[in-house]
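# Structural overview for review
If you want the building blocks of each chain, they are given just below.
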Amino acid sequence: MSHNLFALTLHCLQEPDLDKKMQQVDQLLQIWTEDGFDFTPSHEIVRIPDPGRPQKPDLVPPKDLPRRGLGSIEGHAALMHSIAHIEFNAINLALDAVYRFQDMPKQYYGDWLGVAGEESYHFQMIREHLFHLGYEYGDFSAHDGLWMTTYQTDHDSLVRMALVPRTLEARGLDVTPAMIQKLRAIGDKRGVEILKILLRDEIGHVEVGTRWFRYLCQQRNENPFAQFKAVVDQYFHGNLRGPFNFEARKEAGFSDEEIAWLKTL
Ligand SMILES: [Fe+2]
Ligand SMILES: [Fe+2]
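Reading guide: rules and limits
- Residues numbered from 1 in each chain as written.
- Chains lettered and ligands numbered in written order.
- Predicted model: local features only at pLDDT ≥ 70, side-chain atom pairs only at ≥ 80, totals over all residues.
- Helix = DSSP H or I, 4+ residues; strand = E, 2+ residues; numbered from the N terminus.
- Rg over C-alpha atoms; globule rule 2.2 N^0.38 Å.
- Buried ≥ 20, exposed ≤ 12 C-beta atoms within 10 Å, placed from the backbone.
- Contact = placed C-beta atoms within 7 Å.
- Expected span 1.5 Å × (residues − 1).
- Bend = angle between axes of the 7 residues up to and from the residue.
- Core = buried A, V, L, I, M, F, W, Y, C linked by C-beta atoms within 7 Å.
- Axes fitted to C-alpha atoms, helices over the stretch in contact; angles between N-to-C directions.
- Left-handed = near helix turned anticlockwise from the far one by under 90°.
- Nonpolar A, V, L, I, M, F, W, Y, C, P; charged D, E, K, R; others polar.
- Parallel < 35°, antiparallel > 145°, perpendicular 65-115°, else oblique.
- Arc of directions from axis to C-beta.

Under an unreviewed UniProt entry, the protein chain has the name Ferritin-like domain-containing protein and belongs to Thiomicrorhabdus marina.

### Some remarks on the overall build of the protein chain
What the protein chain contains, in helices and strands, is ten helices and two strands. Reading the secondary structure of the protein chain in the N-to-C direction produces β-α-α-β-α-α-α-α-α-α-α-α. Scaling as 2.2 N^0.38, a compact globule of 265 residues should have a C-alpha radius of gyration of about 18 Å, and the protein chain matches this with 18 Å. Counting only C-alpha atoms, the protein chain reaches 50 × 50 × 30 Å along its principal axes. Buried positions account for 39% of the 265 residues belonging to the protein chain. Within the protein chain, contacts between residues at least 6 apart in sequence are counted, and of these 79% link residues at least 24 apart.

### Overview of helix H6 (residues 157–185)
Taking 1.5 Å per residue, 29 residues should reach 42 Å; H6 reaches 41 Å between its end C-alpha atoms and fits that length. Along H6, the sharpest change in direction is near 40° and occurs at Val175; proline Pro177 comes one to four residues later.

### What about the nonpolar core?
Formed by 57 residues in total, the largest nonpolar core has its most connected members in Ala94 and Trp112. Taken together, the elements giving at least two residues each to this core come down to helix H1 (5–14), helix H2 (18–33), helix H3 (73–100), helix H4 (106–132), H6, helix H7 (189–219) and helix H8 (224–235). Broken down by element, the residue count for this core peaks at 16 residues, all from H3.

### A closer look at the packing of H2 against H4
At a closest axis distance of 10 Å, the pairing of H2 and H4 adopts a crossing angle of 145°. Seen from above, H2 lies across H4 with left-handed handedness. Contacts between H2 and H4 involve Met22, Val25, Leu28, Leu29 and Trp32 on the former and, on the latter, Gly110, Leu113, Ala116, Gly117, Ser120 and Gln124. Considering only residue class, the contact of H2 with H4 consists of seven nonpolar, four polar and no charged.

### Regarding unusual backbone geometry
At the junction of Lys56 and Pro57, the peptide bond is cis and its omega measures out at 5° in the coordinates. Inspection of the secondary structure assignment puts Pro57 in the loop between strand E2 (37–38) and H3. A cis amide bond links Gly242 with the next residue in sequence, Pro243, at an omega value of 5°. Mapped onto the fold, Pro243 is located in the loop between H8 and helix H9 (246–251). Positioned with a positive phi, Asn221 is a non-glycine residue whose angle comes to about 55°.

### Thoughts on the packing of H1 against H3
It is at 9 Å that the axes of H1 and H3 come closest, and there the two elements cross at 155°. When the axes of H1 and H3 are compared, the pair comes out roughly antiparallel. H3 is crossed by H1, and the crossing has left-handed handedness. Contact residues: Phe6, Thr9, Leu10, Cys12 and Leu13 in H1; Asn92, Leu95, Asp96, Val98 and Tyr99 in H3.

### Details of H1
Listed in full, the buried residues belonging to H1 are Leu5, Phe6, Thr9, Leu10, Cys12 and Leu13. Considered in projection along H1, the buried side chains sweep an arc of 160° and stay on one side of the axis. As for H1, its buried residues are in contact with strand E1 (3–4), H2, E2, H3 and H4.

### As for the environment of Glu128
Here Glu128 shows up in helix H4. Distance in space between the C-alpha atoms of Glu128 and Arg184 is 18 Å, their sequence separation being 56 residues.

### Here's the deal with the environment of Ile83
Examined against the element boundaries, Ile83 turns out to sit in helix H3. For Ile83 and Val208, which are 125 residues apart along the polypeptide, the C-alpha to C-alpha distance reads 21 Å.

### Some details on the environment of Arg127
Along the polypeptide, Arg127 turns up in helix H4. On the neighbour-count criterion, Arg127 (20 C-beta atoms within 10 Å) is buried. Between the alpha carbons of Arg127 and Ile83 there is a distance of 9.2 Å; along the sequence they are 44 residues apart. Filtering out sequence-adjacent residues up to four positions away, Arg127 remains in contact with Ala84 and Tyr137.

Structure below.
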C-alpha cells in the first residue's frame, strides 16, 4: 500500500487526541525511514485555523494568563504546563510545514518530520514531569499565539521559515537558559535535565528553519538578511527584543550580519 505524505501528515495534524497524534507521528517517521511515501501533491491545500488538539487547555488571550511564581507547586506546574503547550503546538507547527509547502525538495520533508518527532518526544517528557507534580496537560489555560502566527504565515514558505522557526522557536533559545536556572534554584533536577535536552534539540530546529529559509531566498534571488528583516517587520507582532542567546543562535545558523542587527534591537 502506498502512503501519501501530504494526506497522512494532514490527518495527523488534524488529530485531536494526544496519544493518537503522537502514535501517528511515530508512524510517519517509520514510513519515512522505510522510504515508503509517495509525494503526489494534494488536490487542494486547505487552510487550518484550528489544528487538531484536545478540548483542554482552554485558550485565552495572553494577558488573561495568571502569573504565578515558582514558589508553589501550582506555580511550578504552571510553568511546566506552559512548556508542554509550546511543545504540543510545535508538533502541529512541524506537521503544517510538511503538509502546506508541497513543492520543496525531499529532504525538507525529512527535516520537518524529524522535528515533529522531537517535539512529540519533548511533549511526552514534559507531560510526564507535569504528571509527577500532580497535573495533566489541560489543567491550566494557555494561549494560541504560536498557532496564530503559523496560520498567518500559511501563504508563503519563506515567510513561514523566517517567522516560525527563526523567530518563535528561536525565542525559546533565548529564554530557556534562565528557566533552567530557575528550576535549578528550586531543586528540580529532572526539569533541568529535560530543558537541557529541549535547548539542544531546539538549536537543531532553528537550524532547519535557517537552512530552508536560505534555500528559498536563493531560489528567489533574494538577499537573506534583507528578507529576514522585512518579514520580521511586516509579520512579527510585538517587539523582537533581547536578551538574545547569541551563542545558540549562531549555532542555529544566524549570520554575523543578523547577529549584529539583533544586537541593535
Ligand atoms: Fe521542542
Ligand atoms: Fe522545536
